[in-house]
Structures are given as structure tokens and as C-alpha cells.
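The chain contents come next:
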Protein chains: 2
Amino acid sequence: MWEETWIVKYRPKTMTHEMDEDLTLLFKPSVVAVVGASADPRKIGHIALKNLLSGDFSVHPVNPREHEILGRKCYGSLNDIPDGVDVAVIVLPAKSSIDVVRDAAQSGVRFVVVTSSGFSERGESGEGLQDALMAAVDGTCTRVLGPNTMGLMVPSSHLDTFFISKERSSRPGRGSIAVVSQSGAVAVSFLEKAEAAGIGVSACVCLGNKADIDEVDLLRHFADDAETQCIAMYLESFSNGRLFLEVARDVALSKPVVLLKAGRTRAGSAAARSHTGAIASASDAVVDGALRQAGVVRVYDEEELVDVSRAVSVIGHVENDRICVVASAGGFGVIASDFVESSDNGMGLRMAELSEITVSELRKAVPEFAAPRNPVDLTAEVTDAMYDQVLGILKADPGVDAIMMSLELQPPNVTDGLIEVASRRFSEGAPPIVMSAFAKDQSSVMRDMASRGLVVYPTIRRSMRAIAALAERGGYLRRRR
Amino acid sequence: MWEETWIVKYRPKTMTHEMDEDLTLLFKPSVVAVVGASADPRKIGHIALKNLLSGDFSVHPVNPREHEILGRKCYGSLNDIPDGVDVAVIVLPAKSSIDVVRDAAQSGVRFVVVTSSGFSERGESGEGLQDALMAAVDGTCTRVLGPNTMGLMVPSSHLDTFFISKERSSRPGRGSIAVVSQSGAVAVSFLEKAEAAGIGVSACVCLGNKADIDEVDLLRHFADDAETQCIAMYLESFSNGRLFLEVARDVALSKPVVLLKAGRTRAGSAAARSHTGAIASASDAVVDGALRQAGVVRVYDEEELVDVSRAVSVIGHVENDRICVVASAGGFGVIASDFVESSDNGMGLRMAELSEITVSELRKAVPEFAAPRNPVDLTAEVTDAMYDQVLGILKADPGVDAIMMSLELQPPNVTDGLIEVASRRFSEGAPPIVMSAFAKDQSSVMRDMASRGLVVYPTIRRSMRAIAALAERGGYLRRRR
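Reading the values: the criteria
Residues numbered from 1 in each chain as written. Chains lettered and ligands numbered in written order. Predicted model: local features only at pLDDT ≥ 70, side-chain atom pairs only at ≥ 80, totals over all residues. Heavy atoms only, no water. Helix = DSSP H or I, 4+ residues; strand = E, 2+ residues; numbered from the N terminus. Rg over C-alpha atoms; globule rule 2.2 N^0.38 Å. Buried < 20%, exposed > 50% of the residue type's maximum accessible area, 1.4 Å probe, protein only. Contact = heavy atoms within 4.5 Å. Areas by Shrake-Rupley, 256 points an atom, 1.4 Å probe, with all protein chains shown as cover. Lys, Arg positive; Asp, Glu negative; His and termini not counted. Charge placed at Lys NZ, Arg CZ, Asp CG, Glu CD. Pairing = 2+ DSSP bridges. Right-handed = clockwise from strand over helix to strand, strands pointing away. Axes fitted to C-alpha atoms, helices over the stretch in contact; angles between N-to-C directions. Parallel < 35°, antiparallel > 145°, perpendicular 65-115°, else oblique. Left-handed = near helix turned anticlockwise from the far one by under 90°. Least-squares fit on C-alpha atoms with pLDDT ≥ 70 in both. Salt bridge = Lys/Arg side-chain N within 4 Å of Asp/Glu carboxyl O. Phe/Tyr/Trp six-rings, centres within 6.5 Å; stacked < 30°, edge-to-face > 60°. Expected span 1.5 Å × (residues − 1). Polar contact = N/O pair within 3.5 Å; in protein donor to acceptor, adjacent residues only side chain to side chain. Buried area = accessible area lost by both parts, 1.4 Å probe. Nonpolar A, V, L, I, M, F, W, Y, C, P; charged D, E, K, R; others polar.

1. Quick word on the overall build of chain A
Turning to step 1, where the next piece is worked out: Looking only at helices and strands, one finds 17 helices and 20 strands in chain A.
Turning to step 2, where the next piece is worked out: Taken against the 2.2 N^0.38 rule, which gives 23 Å for 481 residues, the C-alpha radius of gyration of chain A at 25 Å falls within 12% of a compact globule.
Turning to step 3, where the next piece is worked out: Buried positions account for 65% of the 481 residues belonging to chain A.
Turning to step 4, where the next piece is worked out: Sequence separation of at least 24 residues holds for 73% of the intrachain contacts in chain A that already meet a minimum separation of 6.
Turning to step 5, where the next piece is worked out: Summing over all exposed atoms, chain A offers an accessible surface of approximately 16800 Å²; the carbon and sulfur share of this is 48%.
Turning to step 6, where the next piece is worked out: Each charge sign in chain A was given a centre, from 51 positive and 63 negative side chains, and these centres are 2 Å apart.

2. Some words on the pairing of strand S6 (residues 111-114) of chain B
All names here are of chain B.
Turning to step 1, where the next piece is worked out: Burial of S6 is two-sided: the residues Phe111 and Val113 facing one way and the residues Val112 and Val114 facing the other way are all buried.
Turning to step 2, where the next piece is worked out: Looking at chain direction, strand S5 (residues 87-90) and S6 are connected through 4 bridges and run parallel. Pairing of Ile90 across the sheet is with Val114, part of S6.
Turning to step 3, where the next piece is worked out: With helix H4 (residues 94-106) bridging S5 and the parallel S6, this β-α-β connection has right-handed handedness.
Turning to step 4, where the next piece is worked out: As defined by bridge partners, S6 adjoins strand S7 (residues 143-145) across 3 bridges and the pair is classed as parallel. Across the sheet, Val112 pairs through a bridge with Val144, a residue of S7.
Turning to step 5, where the next piece is worked out: A crossover connection joins S6 to the parallel S7 through helix H5 (residues 124-137); in handedness this β-α-β unit is right-handed.

3. Details of the packing of helix H7 (residues 215-223) of chain A against helix H8 (residues 241-254) of chain A
Residue and element names in this part refer to chain A.
Turning to step 1, where the next piece is worked out: The geometry of H7 relative to H8 is characterised by a closest axis approach of 10 Å and an angle of 15 degrees between their N-to-C directions. As judged from the angle between their axes, H7 and H8 are roughly parallel. In the crossing of H7 with H8, the sense of the turn from one axis to the other is left-handed. Contacts between H7 and H8 involve Glu215, Val216, Leu219, Arg220 and Ala223 on the former and, on the latter, Leu243, Phe244, Val247, Ala248 and Val251.

4. Quick notes on the relation of the copies chain B and chain A
Turning to step 1, where the next piece is worked out: For these two chains of identical sequence, chain B goes onto chain A by a turn of 180 degrees and a shift of 0.0 Å along the axis, with RMSD 0.0 Å. What we have between these two chains is a two-fold relation.
Turning to step 2, where the next piece is worked out: Counting the interface residues of chain B, we find that 100% of their copies in chain A are interface residues as well, pointing to one common contact surface.

5. Description of the pattern of salt bridges
Turning to step 1, where the next piece is worked out: A full pass over the atoms with the stated rule returns 52 salt bridges over all chains.
Turning to step 2, where the next piece is worked out: In this structure, Asp212 of chain B and Arg143 of chain B form a salt bridge, with 2.9 Å as the shortest nitrogen-oxygen distance. Of this pair, Asp212 of chain B sits in the loop between strand S11 (201-206) and helix H7 (215-223) while Arg143 of chain B sits in strand S7; the two residues are 69 residues apart in sequence, bridging distant segments of the chain.
Turning to step 3, where the next piece is worked out: When the shortest N-O distance is used, the salt bridge between Glu195 of chain B and Arg447 of chain B registers 4.0 Å. With Glu195 of chain B in helix H6 (residues 184-197) and Arg447 of chain B in helix H16 (residues 442-451), this pair connects stretches of sequence that are 252 residues apart.
Turning to step 4, where the next piece is worked out: The network of salt bridges with common partners includes Asp284, Asp288, Arg292 and Arg298 of chain A.

6. Overview of the packing of aromatic side chains
Residues and elements named next belong to chain A.
Turning to step 1, where the next piece is worked out: In this structure the tally under the stated criterion is 6 aromatic pairs over all chains.
Turning to step 2, where the next piece is worked out: Ring geometry for Phe27 versus Phe222: centroids 5.3 Å apart, planes at 75 degrees, classification edge-to-face. Remark: Phe222 occurs in helix H7 and Phe27 occurs in helix H2 (residues 24-27); sequence separation between them is 195 residues. Note on accessibility: Phe27 and Phe222 belong to one class, buried.

7. Concerning helix H15 (residues 417-427) of chain A
Residues and elements named next belong to chain A.
Turning to step 1, where the next piece is worked out: All of the buried residues in H15 are Leu418, Ile419, Val421, Ala422, Ser423, Arg425 and Phe426.
Turning to step 2, where the next piece is worked out: Looking at the buried residues of H15, the elements they touch are helix H11 (302-315), helix H14 (384-395), strand S18 (402-408), strand S19 (433-438) and helix H16 (442-451).
Turning to step 3, where the next piece is worked out: Two residues or fewer after H15 comes Gly429, characterised by a positive phi angle close to 90 degrees.

8. Things to note about the sheet that holds strand S2 (residues 58-62) of chain B
All names here are of chain B.
Turning to step 1, where the next piece is worked out: Pairing is parallel across the open sheet formed by 5 strands, whose spatial order is S2-S1-S5-S6-S7. Of all the strands in the sheet, the pair left with one neighbour each is S2 and S7. Within the sheet, the average angular offset between the axes of one strand and its neighbour, ignoring direction, is 20 degrees.
Turning to step 2, where the next piece is worked out: Where strand S1 (residues 31-35) lies against S2, 5 bridges are found, and the strand directions are parallel. Its bridge partner being in S2, Ala33 is matched across the sheet by His60.
Turning to step 3, where the next piece is worked out: Across the sheet, helix H3 (residues 44-52) lies against S1, S2 and S5, angled at about 165 degrees from S1, the strand it touches most.

9. Let's talk about helix H8 (residues 241-254) of chain B
All names here are of chain B.
Turning to step 1, where the next piece is worked out: Taking 1.5 Å of rise per residue, 14 residues should cover 20 Å, and H8 covers 20 Å from first to last C-alpha, within 8% of that figure.
Turning to step 2, where the next piece is worked out: Residues of H8 that are buried: Gly241, Phe244, Leu245, Val247, Ala248, Val251 and Ala252.
Turning to step 3, where the next piece is worked out: Its side-chain oxygen 3.2 Å from the backbone nitrogen of Arg242, Asn240 forms the N-cap of H8.

10. Section: the interface of chain B and chain A
Turning to step 1, where the next piece is worked out: Facing 66 residues of chain B, the contacting portion of chain A comprises 67 residues.
Turning to step 2, where the next piece is worked out: Each partner contributes to the roughly 5200 Å² buried at the junction of chain B and chain A, and carbon and sulfur atoms together form 55% of this total.
Turning to step 3, where the next piece is worked out: Summed over the three residues of chain B that lose the most area to chain A, namely Arg168, Gln410 and Lys440 of chain B, the buried surface amounts to 13% of that side.
Turning to step 4, where the next piece is worked out: Our count for the contact surface shared by chain B and chain A stands at 6 salt bridges.
Turning to step 5, where the next piece is worked out: In this structure, the salt-bridge partner of Arg461 of chain A is Asp301 of chain B, at a minimum N-O distance of 3.8 Å.
Turning to step 6, where the next piece is worked out: Elements supplying a minimum of two residues to the side of chain B that touches chain A: H6, strand S13 (257-261), helix H9 (266-276), helix H11 (302-315), helix H12 (330-341) and helix H17 (460-480) of chain B.
Turning to step 7, where the next piece is worked out: Broken down by element, the residue count for the side of chain B that touches chain A peaks at 9 residues, all from H12 of chain B.

11. Looking at the environment of Val201 of chain B
Residue and element names in this part refer to chain B.
Turning to step 1, where the next piece is worked out: Position of Val201 among the secondary structure elements: in strand S11.
Turning to step 2, where the next piece is worked out: Residues Val201 and Ser157, 44 residues apart in the sequence, show an inter-C-alpha distance of 12 Å.
Turning to step 3, where the next piece is worked out: Those residues in contact with Val201 that sit more than four places away from it in its chain are Met153, Pro155, Pro172, Gly173, Arg174, Gly175, Ser176, Ile177, Val179, Phe190 and Leu191.

12. Observations concerning the packing of H6 of chain B against H11 of chain B
All names here are of chain B.
Turning to step 1, where the next piece is worked out: Contact geometry for H6 and H11: axes closest at 10 Å, N-to-C directions at 50 degrees. In terms of orientation, H6 and H11 fall into the oblique class. For the pair H6 and H11, the sense of crossing is right-handed. Listed contacts from H11 to Ser189, Phe190 and Lys193 of H6 are Glu302, Glu303, Leu305, Val306 and Ser309.
Turning to step 2, where the next piece is worked out: Here the residues of the contact of H6 with H11 are counted per class, giving 3 nonpolar, 2 polar and 3 charged.

Right, dumping it as C-alpha cells:
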């Protein structure tokens with residue numbers, strides 16, 4: 001039933017693009033043009049150009065009223081550029097954009113990024129313009145990203161069409177998470193949070209109104225992208241819900257897909273409609289069930305999107321849901337154990353039952369008064385070596401599917417060497433270790449740990465949420481095998 | 001029924017303390033002694049002494065083997081100190097502590113802080129020691145904090161018995177949140193998170209095994225403490241559940257009580273037993289209902305404890321649950337609206353219906369294409385002045401109980417002046433504004449905003465959670481009136 005109600009694309013594509021389904025050149029172009037480039041540093045046509053100048057490609061500003069901007073020769077129109085343009089970023093008002101897109105299509109530009117708003121997100125008045133925009137590329141091989149989009153950011157090629165200066169908003173380095181977002185702000189927030197946490201991305205694409213290129217195209221693209229280990233999406237609508245599920249179901253077998261689907265309530269979907277022209281889909285419960293069946297991991301806020309994507313991009317999945325918690329801070333062990341077991345305010349997982357061998361080994365490793373049970377409480381007498389030994393014992397227990405390690409740097413006999421210990425034990429492989437870290441210099445400790453490839457969070461709940469996502473992935477893969 | 005099962009004190013108090021129910025001297029002593037003070041900088045007897053030296057009171061180290069430590073004359077025993085000691089911090093092994101506590105009680109020391117572990121949290125072997133400890137103060141006016149505790153930290157008097165150096169763990173400044181914790185690590189994490197966010201505390205007390213001073217004593221104390229606007233608690237057990245509820249019900253009428261009750265699952269409560277000797281109480285659903293009736297706001301992790309306490313300590317409550325969301329980032333408006341309405345993955349609140357006047361005023365204030373509805377989407381064309389005007393319009397609408405303001409500093413025409421705007425509108429009073437902030441320099445922006453007294457979070461979910469807690473408080477106060 002949902003198939004009928006859940007095809008919610010703003011409007012069906014009016015042309016076929018079989019000729020150019022490959023989006024590779026959009027991410028790794030040789031020649032980029034900025035139409036509407038400006039000499040005025042306050043204008044977005046300037047910021048976009050400036051951000052692009054550090055890219056691994058040639059950049060041509062287009063503006064009939066200028067000879068040169070930021071040291072680059074300025075062209076009067078796209079047609080005047082001698083090179084074949086792979087990507088044209090159009091920073092013009094809606095109506096002018098349409099003419100430029102027509103030019104671009106006729107001169108064989110492969111991709112146009114249409115940044116301006118004023119299209120379908122403005123209701124009826126804008127729908128006509130969006131129709132005209134798509135008519136301008138009809139029958140050509142030109143594909144459109146947007147309109148109403150900030151475009152894309154690709155660390156490997158330094159492609160960056162975002163019209164926010166790097167002084168205003170930081171960009172992360174290379175990594176393995178591909179971000180696909182129907183909201184520019186959510187994309188920016190992902191990038192800032194990732195950068196702050198020392199996490200990289202393979203690319204970040206803002207979909208805007210999805211007149212042409214949509215989440216399904218990008219799902220397919222990133223499925224084949226060697227650099228991408230996880231596809232993180234923020235969507236307010238599905239262009240074609242049925243197709244999305246079909247494709248996601250395939251992709252999810254090899255790569256985790258994490259989705260923040262907003263507009264899930266009456267108020268949220270009304271807001272989404274005026275934001276990106278997204279039209280409300282089937283009931284959220286129906287959507288939820290369908291996503292689950294397709295193996296899509298669902299999240300609910302912008303931080304959880306980063307957190308879960310990080311975990312699945314690095315660890316992939318955990319085989320089952322038997323969790324062992326280890327902490328030197330007894331309180332954190334208790335809180336974490338509550339999160340493991342509770343379904344109401346927790347993750348609905350299971351506490352691993354430690355084997356007799358594990359218990360007897362633990363008894364020798366931990367202080368005499370510490371309990372050799374799950375959660376393992378190392379007490380304030382913890383040392384780096386004790387933590388190392390305990391991790392080794394737990395990793396050898398076949399009844400443990402994942403370890404939640406609470407790493408506290410405050411106890412007197414712990415040193416920064418504990419991070420080395422965590423790092424080494426983490427790199428030994430399954431069962432994986434997800435960490436929470438508590439330290440005075442929280443953010444620099446987190447960045448240091450992330451740079452070593454560790455999966456670490458600053459709270460118990462967030463690390464438990466990451467483990468739950470890994471277990472959900474594991475369950476899905478088990479069912480599909 | 002739960003009254004019978006929920007009296008879970010480790011053991012009933014064996015003495016009466018009517019004489020000295022006033023804890024004021026514990027927080028503002030004139031004379032403090034450190035028994036077990038050490039000259040070795042690695043020892044906790046050294047760290048505790050060092051931390052105390054910056055306090056507004058005299059400090060006397062006690063150690064029969066030293067003449068002077070850190071420039072202070074060292075005494076052979078508590079009895080040798082000429083001044084009357086208000087607080088004796090005992091940093092000795094369990095067995096030695098008991099003799100010292102007996103000395104302290106006999107020489108009229110008002111409060112002893114017994115830091116050592118090895119008491120009831122170790123099961124049967126420790127229970128005898130804990131009995132002996134309490135027998136040592138029987139019939140005297142000496143009260144015991146602990147054992148198995150880090151003691152307390154009071155910014156106003158610079159009392160700090162925590163045996164973690166300030167280099168290892170930061171302490172926040174003065175503020176209006178009193179922290180009461182059955183776990184030292186959770187207390188430390190609260191202090192570090194608060195300090196990092198620019199939030200102060202009025203005091204932080206670690207309860208340890210609660211042989212004498214317990215959460216009810218502290219609830220009563222902080223209820224009368226003028227500096228305290230909110231009591232934030234981490235508990236693994238209730239000394240006397242029935243009494244706690246009675247007292248909390250009174251206190252909650254004037255001051256919010258926020259509680260992280262851990263050990264709420266089978267695994268969690270087993271872990272709590274070996275951590276602080278806490279014995280499992282009635283089923284968590286029963287506890288939950290009883291807490292709700294007593295007006296206690298319940299939270300589930302260490303970050304939520306800080307977040308919710310901050311909101312209620314500053315704003316108190318909101319009258320009702322009609323929320324207006326305003327953002328310049330459309331995506332955040334959508335996510336926030338979903339959180340308002342959803343009960344499953346949200347707060348179960350209501351979106352405010354804006355009045356006709358509000359809608360027509362908004363139509364003039366926001367960009368032509370922006371929707372004058374709730375959530376209010378200011379779009380990327382937002383300016384400081386536009387945000388100011390819109391907040392003014394929304395605050396004048398009697399149908400709005402609280403405003404969730406998503407403050408984004410990335411749009412091109414926004415300046416740092418937007419923080420001034422937010423600050424001024426916030427200080428105008430009801431309806432209150434709870435903020436989320438998104439900026440490149442996230443943590444410094446957050447600290448700046450907190451120092452202006454604003455209630456601000458770095459994610460949508462966390463700000464919505466704070467609003468839900470304020471609405472829960474409002475609902476409780478309405479029912480009680």
C-alpha cells in the first residue's frame with residue numbers, strides 16, 4: 001500500500017538521462033565555471049569562486065561586466081570558455097539561472113549546480129520556474145544539482161561550491177562518510193561537527209529541490225565509490241520512495257546507509273514543504289517499517305547522524321547484541337548497563353554473560369574488591385596495564401559481541417598511555433570496542449582518539465547508541481544472509 | 001506497596017542526629033583538617049591537601065610522621081589541633097579511618113569526610129567495618145559524609161576535598177546548581193561538562209556509601225540554600241524512598257529537583273550494588289511513577305543531567321506546552337518541529353498556533369518567500385535585525401509558551417550581534433527562549449552565550465529536551481496549585 005502513497009517526488013522527471021547516469025565528473029571535474037562570479041567579497045558569487053580556487057581543476061569565472069576576478073580571466077558567458085566545462089556553478093537569481101542552464105546544456109556542460117532559491121520551494125509561483133529549468137536541459141546530457149542548493153564539497157578533489165566562507169564554517173578532511181543532505185544547514189552542521197571531532201568525509205552533497213539529481217542517484221554513486229564506507233543522509237522527502245527502498249536494500253548489503261528522515265510529524269512535514277518543496281509521504285510508522293526492512297539505519301537528530309555514521313563507517317557492524325561494559329568509574333558502568341538493557345530509555349540490547357574462564361581471569365586482573373562481572377568495574381585503582389589486560393581477557397570471550405569501554409583519564413594511576421592501549425586493542429579487530437572518553441581536555445582527547453581511527457563519544461548514551469546501530473546492522477546482515 | 005519494598009537504605013541509622021541536622025558548617029567551615037596528609041605529590045593525601053589550601057578557612061594537615069607539608073605545620077593527631085575542627089577529611093585506609101573517626105567524634109569535630117573504600121560496597125567483609133565506623137560516632141554530634149566518597153566541592157568557600165588535581169580535572173565557578181552524586185566520576189563529569197559550557201554550580205557533594213549523610217539531608221539543605229536554584233542528583237539507590245519522596249514533593253514546589261536514577265535495570269542495579277552497596281529498589285516503573293508524582297524531573301544520562309539542570313535553574317519552568325520554533329536554517333526548523341510533536345522520538349509537546357496578528361506581522365518581517373508559520377523559517381537571508389523583530393513578534397503572542405530559537409552564525413548577513421539580540425530578547429522574560437547554536441567556533445560561542453545567562457545547547461534534540469523539562473515543571477506546578 002505504501003508504494004502507492006509513497007511516491008512523493010515533487011514532480012516526475014520529464015526527461016530521460018540514461019546517457020549520463022555516471023556522476024563521477026561531478027565529483028572529480030577537470031574544468032569548473034562559476035556563472036555569476038563577483039568581485040565583491042560580500043557576495044556569494046565571490047565566496048563560491050574563492051572556495052573553488054584551491055581545487056584540483058581549472059576554474060573560470062563568468063561575468064560579462066568583469067575582466068578579471070581574484071586573478072582569473074573572466075568570461076562573458078559559458079560559451080566563451082574554450083575548455084569543455086564539466087561543472088557549472090550558477091550563482092544567479094532564479095530567472096536568470098534558467099537561461100544560463102539552457103546555454104550550458106547547449107554547449108555540452110555535463111553538470112550544472114543551480115544555487116538560487118525561488119523554485120518549487122515557493123509553491124505555485126516557483127513551480128513554473130522549476131519546470132522551465134528542467135525544460136532547458138530536456139533532451140541533453142546536462143544534469144542538474146538543485147535548484148536551491150549549496151552544491152557539493154569533495155575533500156579529495158578540493159571541489160567546494162558552498163557559498164559560506166571557510167572563516168565562517170570549517171570543512172573536515174578526507175574520510176569515508178558520504179553526506180547527502182536535503183538541507184544546506186544540516187550539511188554544514190555535519191561538516192562542522194565532523195571537523196571538530198576529527199572525522200573526515202568522502203563528499204558532501206546538498207540536494208536542494210532535487211529537480212533532477214536525487215538521493216537515489218547519489219545512493220548509487222556512493223555505493224560504487226571506493227572511498228565511501230557509509231552513506232549518511234538527511235532527507236525531508238523521497239523523490240521516489242519505492243525506488244529508494246529497492247536501491248537502499250541493495251546498497252545496504254555492502255555499505256551502511258544512515259538516514260535522518262525529517263518531516264516525520266504533521267508539523268515537521270508542513271515545515272519541510274515550505275523549506276524544500278517536499279511533499280508529505282506515507283505515515284511515519286509505514287516509512288519506518290519500510291526503511292527497517294531495507295536495512296536503512298534511522299536516526300533522529302543531526303548529532304546522531306554524525307555519531308552513527310562514524311561508528312558504522314569504521315566498524316561496519318557487530319555480530320550480535322551481547323555487550324560487555326568496562327569502566328573505571330563505577331557510575332558510568334551502571335549508567336551504561338542501564339542503557340544496554342532498557343528498551344524504554346535505552347537500546348534494548350543484552351549484557352554479555354561472561355564465561356567462567358573470563359571471570360576467573362578477571363578475578364586475577366582487577367583489584368581484589370572489584371567485581372569480576374559485567375559491567376567490569378576497574379575502580380579508581382585502575383592502571384593502563386590493568387585496562388590493557390582486562391580488554392585482552394574480554395576480547396577472548398566468544399560470548400562478547402562488542403565492548404563498551406569507558407575511558408576515564410582522571411584516576412591517579414592512569415596516563416595518556418591508556419589511549420595507546422585502547423588504540424592497540426581496538427586495532428586487533430572483533431569484538432569491536434566502542435569508547436566513551438572523559439577527560440579534562442575533552443575535545444582534544446576526542447580529536448586525538450578519532451585521528452587514531454577510534455570510535456569514541458563524549459557521553460555514555462552516545463556510545464551506547466552507536467553500539468545499537470552496529471548491532472542493528474549486524475542483525476540486518478544476518479537476516480539477509 | 002512500593003513503600004514496603006522501596007526502603008532500601010543499606011542499613012538503618014543506628015543513632016539519632018537531631019542535634020546537628022544543620023549542614024551549613026560542612027559547606028562553610030572555618031577549620032578543616034586533612035588526616036592522612038602526605039608530602040608525596042602522587043598521593044591523594046597530598047592532592048586533597050593542596051586543593052584545600054586555596055579555601056576561605058584554615059587547613060591543618062595531620063600526619064604523625066611529618067612536621068610540615070606544603071608549608072603547613074603538621075599535627076600528630078586531630079586532638080593536637082588547637083582550633084575546633086569543623087570538617088576532618090580522612091584520607092586513610094578503611095580500618096585506620098575508623099579510629100580517626102572515633103577521635104574526631106570525641107574531640108567534637110562536626111563533620112568527617114571518609115574517603116576510603118572498603119566498606120559496605122565490598123559486601124559482607126566491608127559491612128562490619130561500616131558498622132564499626134558508625135558506632136564510632138554513635139551518641140556524638142559528629143556526622144559522616146561517606147565512606148567511599150570524594151567529599152565535596154563548594155565554589156563560594158573554595159572548599160574542595162576532591163582528590164583529583166585541578167590539572168587532571170577542571171572545576172566550574174559559582175552558579176546556582178547544587179550537584180549531589182552517589183558516584184564520584186559522575187560528579188566529576190558534571191563539573192567538567194559544566195565548566196566547559198561556562199555553567200557554574202553552588203556545590204557538588206559525593207555521597208559515597210551514605211552511611212550517615214544521604215540524599216534526603218542534602219535535599220533539605222539545598223532547599224534552604226539561597227544560592228541554589230536547582231538540585232541535580234545522581235543516585236543508585238534511595239536511603240529511604242518514602243522519605244525522599246515526601247521531602248522532594250515539598251522541595252519541588254520551590255526548587256526543581258532533577259534526578260538521574262541509575263541501576264534502573266537488572267544489570268544496572270546489580271552493578272550499582274557492587275559500586276556503592278546500593279540495594280535494588282522497587283521496579284523502575286513504580287519508581288518512575290512515584291518520582292513523577294513528587295515533581296522530580298527524571299533524566300537518563302550524565303549529559304542530560306547537566307542540560308536539564310541548567311534550563312530549570314535559569315528559567316524555572318514554562319507555563320504550558322505550546323512551542324514556537326524559529327530558525328534561519330529550514331532543516332533545523334523541520335527537525336525541531338518533529339521533536340516537538342513526536343512522542344516516540346520526541347517530546348510530546350504541541351506546536352503553538354500563531355495568532356492572526358502574529359502571522360500578519362511575520363509576513364511583513366520575514367522575506368517575501370518565507371512562510372509566516374510555525375516553525376518560522378527566516379531563510380539564509382536572515383539578518384540580526386530580522387531575527388530581533390521576529391522574536392519580538394513571537395514573544396507578544398499569548399499562544400506561545402516557549403520559543404525554541406535555532407541560532408545559526410553562518411548565513412552571510414548575520415553577525416555576532418545576533419548573540420546580543422538573543423540576549424536582550426531572552427532577558428525580557430516570558431515566554432522564555434531556549435536556544436540551539438550552530439557556529440564554527442561552537443564551544444567558544446556556547447561559553448559566551450552561557451556567560452550571558454542564556455540557556456543554549458549545541459544540538460536541536462538537547463534544546464528540545466530542555467524545553468520538555470521546563471514544560472514538565474510547569475505542568476507539575478499547575479497541578480499543585
